[in-house]
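Here are the chains, one letter per residue:
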Number of protein chains: 4
Amino acid sequence: MDTITEMLKAHPKRPHGHFERIAQCLAACTECEQICIACADACLEEDEVAALRQCIRIDQDCADLCAATARMIQRQAHPDAALWQATLLACAQACRSCSAECMKHESAHAHCRLCREACDRCERTCMELLRALPEGGAEITH
Amino acid sequence: MDTITEMLKAHPKRPHGHFERIAQCLAACTECEQICIACADACLEEDEVAALRQCIRIDQDCADLCAATARMIQRQAHPDAALWQATLLACAQACRSCSAECMKHESAHAHCRLCREACDRCERTCMELLRALPEGGAEITH
Amino acid sequence: MDTITEMLKAHPKRPHGHFERIAQCLAACTECEQICIACADACLEEDEVAALRQCIRIDQDCADLCAATARMIQRQAHPDAALWQATLLACAQACRSCSAECMKHESAHAHCRLCREACDRCERTCMELLRALPEGGAEITH
Amino acid sequence: MDTITEMLKAHPKRPHGHFERIAQCLAACTECEQICIACADACLEEDEVAALRQCIRIDQDCADLCAATARMIQRQAHPDAALWQATLLACAQACRSCSAECMKHESAHAHCRLCREACDRCERTCMELLRALPEGGAEITH
């Protein structure tokens, strides 16, 4: 059991129904943030930096959304379903936009391929967690 | 002219159509992030901290969404409309949720009233910018 | 009186001795974060982006340090002096490094000049707040 | 090989001398940020929340410093040694302060023990990376 999972289990009000999905989404968001920051810096160092401008931008947007989403999910004692839905949708969209941009460059740059893969994983876990949430604005039932 | 506005004007590809809305949304998101962090810390110091748990949580969620939104808006050279829409919706929802929680405590605590007001301003500027964006996923036209 | 100042005054344990310095440092860090993010995006859009790589990087480092510093200062009920000292020193160093890099480009780009000025303001307020802190690791006296 | 390590290796200017230390420090900062956010939320949910105020605060300070440090380290193409030194010192101090506070509560709360352990790991990797950096403000040699 990794430390993040152990931590989720140590929370006085641990999430019952969505435990696995929450742990997976947290891990994916955290990884995706780091990979995006690294991809932006790698793109910036490439000879063809001018062709990678949009990749650098969207990498940073995606990193910031992933960071905000991971922190929100960590504060999981009394999740606000309307906010979780909107945030997971925004994070999934950031991952889709970043993945689409990275895909254009992944044959030339391994960092763009790795980033596209991390975005795809993160988008998938966000959508899976989103589908597990109840409709409407009520608090997530435990 | 404040520094942020001067900066927007110094950008090689300054936003034409949405200049005022972008400047206002940036100022409101930045203010709201700071006010939310301050409100959480003030709540934490109150004698009745146990009754303010959810306010402290949602303050932090709102601060993180506002921070991510402000940074995305600052990177405004080639905005990705689908991402801007999803992010502005998430930020507006965070402001609504935080405002609703702060409203419960604002008669007792001035910091909750100030935070509710900052959230309301931020929610309004996010929705105004959102409505100015084109439909669909196309790039925002300049 | 602006909202941030009003908020500092609404805190149940408002900072007595360092009130002005704290308010100024908060304002400068918040502004500097935003200006650095904007400068990075503007640099990225310039034709000579390849010559601005290091400016883009250090802009982002400086933005992240300013953001962390502003949040720490907002949590001012019981400041940990050793942590405040180390963080203010790191933020001041980020501002110095970013200012030095921006200075190389400020004759060509107004955004680099504006960013250098914001960094200089932020560095000054961090050092002024730092000098007002007591020596050693004891809590800041109120 | 995990994704972050793979990513470091895909960077056009991968760090030669400090590769292992950079990878370890990145992993430790990222973990510590997440654990601190989780610990703050868990503390907030405990019956004795009033006794955990300072733990909640310092958890957040530590999370913010770890986040800024991880991002700076990811931008490792041309590290600014003076900035890396100051930032790693600030992050190590945040970890020490957070560890000391969590230690007071770790016999009662597993989340505080896990957080103290994550802070100790992070502090150690920051100091190890710091000691590997050259003196003065020169760029880190590759």
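Residues numbered from 1 in each chain as written. Chains lettered and ligands numbered in written order. Predicted model: local features only at pLDDT ≥ 70, side-chain atom pairs only at ≥ 80, totals over all residues. Heavy atoms only, no water.

## As for the overall build of chain A
Our working rule: The helix and strand labels rest on DSSP assignments: H or I over at least four residues marks a helix, E over at least two residues marks a strand, and numbering proceeds from the N terminus. Each radius of gyration reported is based on C-alpha atoms, and the globular scaling rule is 2.2 Å times the count of residues to the power 0.38. Partly exposed describes any residue whose relative accessible area lies between the buried limit of under 20% and the exposed limit of over 50%, with all areas from a 1.4 Å probe on protein chains only and scaled to the type maximum.
When helices and strands are counted, chain A shows 5 helices and 0 strands. Taken over C-alpha atoms, the radius of gyration comes to 16 Å for chain A, in line with the 14 Å a tight globule of 142 residues would show. Overall, the C-alpha framework of chain A stretches about 50 × 30 × 20 Å when taken along its three principal axes. Looking at chain A as a whole, 67% of its 142 residues are labelled buried.

## Quick notes on the confidence of the model for chain A
Residue and element names in this part refer to chain A. Cut-off, in case you're wondering: What pLDDT expresses is the predictor's confidence in each residue, scored from 0 to 100. Two residues form a contact once any of their heavy atoms are found within 4.5 Å.
A residue-level look at chain A finds 92% of positions with pLDDT of 70 or above and a mean pLDDT of 91. Contacts of residues 136–142 to residues separated by more than four positions or lying in other chains number 24 contacts, the stretch itself having pLDDT below 50. Scored as a whole, the predicted complex attains pTM 0.94, and scored at its interfaces, ipTM 0.93.

## A closer look at the relation of the copies chain A and chain D
Mapping one chain copy onto the other needs a rotation about an axis and a shift along that axis. For the record, the criterion: The atoms used to superpose the copies are C-alpha atoms, taken from residues with pLDDT of at least 70 in both, and the fit is least squares.
When chain A is fitted to chain D, the residual RMSD is 0.0 Å, and the transformation amounts to a turn of 180° plus an axial shift of 0.0 Å. Taken together, these values place the two copies in the relation of a two-fold axis. Every residue of chain A has its C-alpha some distance from the rotation axis, and the shortest such distance is that of Thr 30 of chain A, at 3.7 Å. When the interface residues of chain A are mapped onto chain D, 100% of them again fall at the interface, so both copies present the same face.

## Here we look at the interface of chain A and chain D
Stated formally: Here's the idea: put two parts together, see how much 1.4 Å probe accessible area each one loses, and the total over both is what we call buried area. For this document, the term salt bridge refers to a Lys or Arg side-chain nitrogen within 4 Å of an Asp or Glu carboxyl oxygen.
Listed per partner, the contact involves 36 residues of chain A and 36 residues of chain D. Summed over both partners, the interface of chain A with chain D buries about 3100 Å², with 62% contributed by carbon and sulfur atoms. Among the residues chain A hides against chain D, the three largest losses belong to Met 7, Gln 34 and Arg 71 of chain A. Together they make up 22% of the total. Applying the counting criterion to the chain A and chain D interface returns 4 salt bridges. Residues Arg 71 of chain A and Glu 33 of chain D are paired through a salt bridge, measuring 3.0 Å at the closest nitrogen-oxygen approach.

## Brief notes about the interface of chain D and chain C
Condition: Any pair of nitrogen or oxygen atoms within 3.5 Å is treated as a polar contact; in protein, a donor-acceptor pairing is required on top of that, and neighbouring residues in sequence qualify only through side-chain atoms on both sides.
Of the residues lining the interface, 23 residues belong to chain D; the matching set on chain C comes to 23 residues. In this assembly, chain D packs against chain C so that about 2100 Å² is buried in total across both faces, 59% of it on carbon and sulfur atoms. If you look at where chain D meets chain C, you find 4 salt bridges. Asp 64 of chain D is the salt-bridge partner of Arg 75 of chain C, the closest N and O atoms lying 2.7 Å from each other. Taken together, the connections running from chain D to chain C amount to 10 residue pairs in polar contact (both at pLDDT 80 or more). At the level of secondary structure, the elements contributing two or more residues to the side of chain D that touches chain C comprise helix 3 (53–74) and helix 4 (81–105) of chain D.

## Quick word on the relation of the copies chain D and chain C
Relative to chain C, chain D is turned by 180° and slid 0.0 Å along the rotation axis, the superposed coordinates differing by an RMSD of 0.0 Å. In this assembly, 100% of the residues forming the interface of chain D have copies in chain C that are likewise at the interface, indicating an isologous arrangement.

## Some thoughts on the packing of helix 2 (residues 19–45) of chain B against helix 4 (residues 81–105) of chain B
Residue and element names in this part refer to chain B. The test is simple: To define axes, lines are fitted to C-alpha atoms, for helices over the stretch in contact only, and angles between the resulting N-to-C directions are given on a 0 to 180 degree scale. In what follows, roughly perpendicular refers to angles from 65 to 115 degrees, roughly parallel to angles under 35, roughly antiparallel to angles over 145, and oblique to any angle outside these ranges. Crossings are sorted by hand: turned counterclockwise from the far helix by less than a right angle, the near helix makes the crossing left-handed, and turned clockwise it makes it right-handed. The nonpolar class holds Ala, Val, Leu, Ile, Met, Phe, Trp, Tyr, Cys and Pro. Asp, Glu, Lys and Arg form the charged class, and all remaining residues, Gly among them, are polar.
Closest axis-to-axis distance for the helix 2/helix 4 pair is 12 Å, and the angle between their directions is 40°. With respect to helix 4, the element helix 2 is oriented oblique. For the pair helix 2 and helix 4, the sense of crossing is left-handed. Note on element contacts: helix 4 touches helix 2 through Trp 84, Leu 88, Cys 91, Cys 95, Cys 98 and Cys 102, opposite Ile 22, Cys 25, Cys 29, Cys 32, Cys 36 and Cys 39. Residues that form the contact of helix 2 with helix 4 fall into these classes: 12 nonpolar, no polar and no charged.

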